[in-house]
Amino acid sequence: MAVISLLFLAVMYVVHHPLMVSDRMDLDTLARSRQLEKRMSEEMRQLEIEFEERKQACEQKQKAEKLWRGDVSSDQLVLERKDMGWPFQAKGQDGPLGWLLGNLWNAGLFCLFLIFELLRQNMQHEPAFDSSSEEEEEEVRVVPVTSYNWLTDFPSQEALDSFYKHGIQNAIRDLPCTCEFVESFVDDLLEACRVLSRREAHPQLEDCLGIGAAFEKWGTLHETQKFDILVPIVPPRGAMFVLEMRDPALGCRCGSVLVESECVCKREKLLGDVLCLVHHHRDHSALLGKCNSSIKAALCTGLHLDVCKTVQWFRNMVGNAWALVAHKYDFQLSLPPSTTFCELRLDYRSGRFLSICLVLGVQREDTLVYLVSQAPDQEQLTSVDWPESFAACEHFFLKLVGRFAPENSCHLKCLQIILSVWDLRSLPQETSHPILTSYHFKTALMHLLLRLPLTDWQPDMLSQRLQDILWFLGRSLQQRSLHHFLIGNSFLPLTIPIPKTFRNAKPVNLFQHLVLNPMAHSQAMAEFHNLLTRVKALPCGPEAGAH
């Protein structure tokens, strides 16, 4: 029976792998197939080991019994019998025919089960998105995004390469140099700010970090004049920031920054350059009152750091710092009014201008997650609410991918092509803003970078990977489910510094608002199909640059 079980599992392994789903398996099916292959291989290995052990034990037992009864001669013990006959021969049966008749019931069941498996798999349809209602099933019939059939007229590799060269690469050829200049200029401003605030008990400015499309190297023509910079702030000596996170179930991922006095007795004893305002008794009330008046009264509402007051303090400091470094540059600097970030406008004599957005951030633990001053669009927050930002984590992940991906990999090109076409969109008159954003496309790309091997992003695979991204986003729209890349993602590498609670958290659906709003879902589907139409109609020559 052990041999029969082993043979049965071997045939089932052949039947189940590869899964006969379609000529081209989707990513979920591919992942399940790999898991099934690994599990079946381990089970086969264990069964082989167990079968060999049982066989050896049975042979040794039979030899011992025969030896005990005296039925085996010394020649047989040394040479064994050469005419053992059919190995599966049972007592009272002759040859393989007798063995087959004796196990006819098992053979019949095995054949029936094998036929059932083959019929079941042949009856499976092409991979489609799951539908949870009759309305969604209707959408699947009307809008054929549930399979790869709509990709038959997709542009070729040569057409996409030509469009990228003439429509994107030429427009952003100076972008890396511009990003380097922007970071250098902001560093110069921040250094001047540190000089001005050296004797003040105000938050300290740390080194800046470029974030967003331009610095992540997937920017398009629209990102060549706008740059986002994150400026982390830390409390001054004698104070500390305590982050109080709001429950995400309330609908917004944000927190408040509580300002408290910090015990620095050890530093006071060792260096003597600061007094502990918590435990120092001499002139304690005067020193504590001075600290409160300098940071709590100036930048806080109650006991929490106020976004608007902190940004206004930072804008004033940047304006004073510009007076110290203006002689180094040949452009005019202006600071347009803003309450949640510090905007810098650089106007050159040639008429060219650059827009730099400086966003303040407070680091969460020892991670790359920050509470920032700038709130996402359409979110109503109080002045002490600091939204949670994952931009630094995503920047680090894409930088890590670029380090290990093949040379001239196509993953960023895919995103640039999609966004270049997306920038040419025309919205219906009744809609004020699009449902789909660049962040949705970026999230789809990052999910695929984890699911597919990096070797699958070779330069000559641009067309295939672009189809995968669009298919992934189309399926997410159909299911109204696109999970956040960093929260609840079990595939995320441990090298990405995020809070521990994120890895075990429940995934966050970025399309939750589409579940609650059918009209928004319909608009998003229309936007997606408009994008598909534009991608299929991409120009493949020099005329691409005219767009």
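Since we're looking at a predicted model, the values are computed, not measured.

**Some thoughts on the overall build of the protein chain**
Step number 1: The secondary structure content of the protein chain amounts to 18 helices and 12 strands.
Step number 2: Taking all 547 residues of the protein chain together, the buried fraction comes to 41%.
Step number 3: When the accessible surface of the protein chain is split by element, carbon and sulfur atoms take 55% of a total near 31000 Å².

**Considering helix α14 (residues 438–451)**
Each α-helix winds once per 3.6 residues, and so residues spaced three or four apart point in a common direction.
Step number 1: With 14 residues, α14 extends 20 Å between its outermost C-alpha atoms, agreeing within 8% with the 20 Å of an ideal straight helix rising 1.5 Å per residue.
Step number 2: For α14, the buried fraction is high: 10 of the 14 residues fall into the buried class.
Step number 3: Taken together, the buried positions of α14 are His 440, Phe 441, Lys 442, Thr 443, Ala 444, Leu 445, Met 446, His 447, Leu 448 and Leu 449.

**Concerning the nonpolar core**
Step number 1: Judged by nonpolar contacts, the single largest core of 116 residues is most densely connected at Phe 314 and Leu 344.
Step number 2: Every residue in contact with Phe 314, bar those within four places of it in the chain, is listed here: Leu 190, Leu 205, Val 231, Cys 342, Leu 358 and Leu 360.

**With respect to the packing of helix α15 (residues 462–479) against helix α18 (residues 518–536)**
Each packed pair of helices is defined by two parameters, the angle between the axes and the distance between the axes.
Step number 1: Orientation of α15 relative to α18, taken along the N-to-C sense of each, is 160°, at an axis distance of 10 Å. One element, α15, and the other, α18, form an angle in the roughly antiparallel class. For the pair α15 and α18, the crossing hand works out as left-handed. Contacts between α15 and α18 involve Leu 470, Leu 473, Gly 474, Leu 477 and Gln 478 from the first element and His 521, Ala 524, Met 525, Phe 528, Leu 531, Leu 532 and Val 535 from the second.

**Overview of the packing of aromatic side chains**
Step number 1: Across all of its chains, the model carries 14 aromatic pairs by this definition.
Step number 2: The interplanar angle of 20° and the centroid separation of 5.7 Å between the aromatic rings of Trp 322 and Phe 331 together place this pair among those described as stacked. Both residues of the pair, Trp 322 and Phe 331, count as buried.
Step number 3: Among the aromatic side chains, those forming a connected cluster through ring pairs are Phe 181, Phe 185, Trp 322, Tyr 329, Phe 331 and Tyr 348.
Step number 4: The ring centre of Tyr 348 lies 5.8 Å from the NZ or CZ of Arg 352, which sits over that ring.

**Brief notes about the confidence of the model for the protein chain**
Step number 1: Summary statistics for the protein chain give a mean pLDDT of 78 and a share of 67% for residues scoring 70 or more.
Step number 2: Put simply, helix α6 (residues 134–142) is where the protein chain has its lowest mean pLDDT, 38, and strand β11 (residues 370–372) is where it has its highest, 96.
Step number 3: Note that residues 72–94 has pLDDT below 50 and, in this model, 18 contacts with residues that lie over four places away or in other chains.
Step number 4: The model gives residues 541–547 a pLDDT under 50, and that stretch makes 11 contacts with residues more than four places away or in other chains.

**Observations concerning the pattern of salt bridges**
It is possible for side chains of opposite charge to pair when their charged atoms get near one another.
Step number 1: Per the counting criterion, the structure on display carries 10 salt bridges.
Step number 2: For Asp 188, the salt bridge identified is with Lys 328, shortest N-O distance 3.3 Å. One end of the pair, Asp 188, is in helix α8 (residues 175–196); the other, Lys 328, is in the loop between α11 (307–325) and β8 (332–334), with 140 residues separating them in the sequence.
Step number 3: A relative accessible area of 18% means that Asp 188 is categorised as buried.
Step number 4: A cluster of three or more residues bridged by salt bridges with shared partners is formed by Glu 191, Arg 194 and Asp 207.

**As for unusual backbone geometry**
Step number 1: At Glu 365, a residue that is not glycine, the phi angle is positive and equals roughly 55°.
Step number 2: Structurally, the position occupied by Glu 365 is in the loop between β10 (353–363) and β11.
Step number 3: Unusually for a residue other than glycine, Asn 408 sits at a positive phi of about 60°.
Step number 4: Mapped onto the elements, Asn 408 comes out in the loop between α12 (391–404) and α13 (411–422).
Step number 5: Owing to a relative accessible area of 55%, Asn 408 belongs among the exposed residues under this scheme.

**A word on the pairing of strand β3 (residues 226–234)**
Step number 1: Pairing of strand β1 (residues 204–205) with β3 involves 2 bridges; the strand directions are antiparallel. Its bridge partner being in β3, Gln 204 is matched across the sheet by Val 234.
Step number 2: Sheet topology note: the strand β2 (residues 209–211)/β3 ladder contains 3 bridges and is antiparallel. Across the sheet, residue Gly 210 finds its bridge partner in β3, namely Ile 229.
Step number 3: Strand direction decides the pairing type here: β3 and β10, joined by 7 bridges, are parallel. Within β10, the position partnered with Leu 230 by the bridge is Val 359.

**What to know about the environment of Ala 321**
Step number 1: Mapping Ala 321 onto the fold places it in helix α11.
Step number 2: In sequence terms Ala 321 and Leu 189 are 132 residues apart; their C-alpha atoms lie 6.0 Å from each other.
Step number 3: The residues touching Ala 321, leaving out its near neighbours within four places in the chain, are Leu 189, Ala 192, Cys 193 and Leu 196.

**Regarding the environment of Cys 410**
Step number 1: Along the chain, the position of Cys 410 falls in the loop between α12 and α13.
Step number 2: Under the relative-accessibility criterion, Cys 410 is labelled buried at 1%.
Step number 3: Sequence spacing of Cys 410 and Asp 460 is 50 residues, and the spatial spacing of their C-alpha atoms is 7.9 Å.
Step number 4: Ignoring sequence-local partners within four residues, the contact set of Cys 410 consists of Trp 457, Gln 458, Pro 459, Met 461, Leu 462 and Arg 465.

**Looking at α8**
Step number 1: Here α8 contains 22 residues, and its C-alpha end-to-end distance of 32 Å stays within 8% of the 32 Å for a straight helix at 1.5 Å per residue.
Step number 2: Those residues of α8 not exposed but buried are Leu 175, Thr 178, Cys 179, Val 182, Phe 185, Val 186, Asp 188, Leu 189, Leu 190, Ala 192 and Cys 193.
Step number 3: Tucked into the core, α8 has its buried residues touching β1, β3, α11, β8, β9 (342–347) and β10.

**Here we look at the state of the cysteines**
Step number 1: Throughout the structure, instances matching the rule amount to 0 disulfides.
Step number 2: In this structure Cys 177 is not part of a disulfide, and its nearest cysteine sulfur, from Cys 179, lies 9.3 Å away.

The rules we used
- Residues numbered from 1 in each chain as written.
- Predicted model: local features only at pLDDT ≥ 70, side-chain atom pairs only at ≥ 80, totals over all residues.
- Heavy atoms only, no water.
- Helix = DSSP H or I, 4+ residues; strand = E, 2+ residues; numbered from the N terminus.
- Buried < 20%, exposed > 50% of the residue type's maximum accessible area, 1.4 Å probe, protein only.
- Areas by Shrake-Rupley, 256 points an atom, 1.4 Å probe, with all protein chains shown as cover.
- Expected span 1.5 Å × (residues − 1).
- Core = buried A, V, L, I, M, F, W, Y, C linked by side-chain atoms within 4.5 Å.
- Contact = heavy atoms within 4.5 Å.
- Axes fitted to C-alpha atoms, helices over the stretch in contact; angles between N-to-C directions.
- Parallel < 35°, antiparallel > 145°, perpendicular 65-115°, else oblique.
- Left-handed = near helix turned anticlockwise from the far one by under 90°.
- Phe/Tyr/Trp six-rings, centres within 6.5 Å; stacked < 30°, edge-to-face > 60°.
- Lys NZ or Arg CZ within 6 Å of the ring centre and 35° of its normal.
- pLDDT = per-residue confidence, 0-100.
- Salt bridge = Lys/Arg side-chain N within 4 Å of Asp/Glu carboxyl O.
- Pairing = 2+ DSSP bridges.
- Disulfide = S-S within 2.5 Å.

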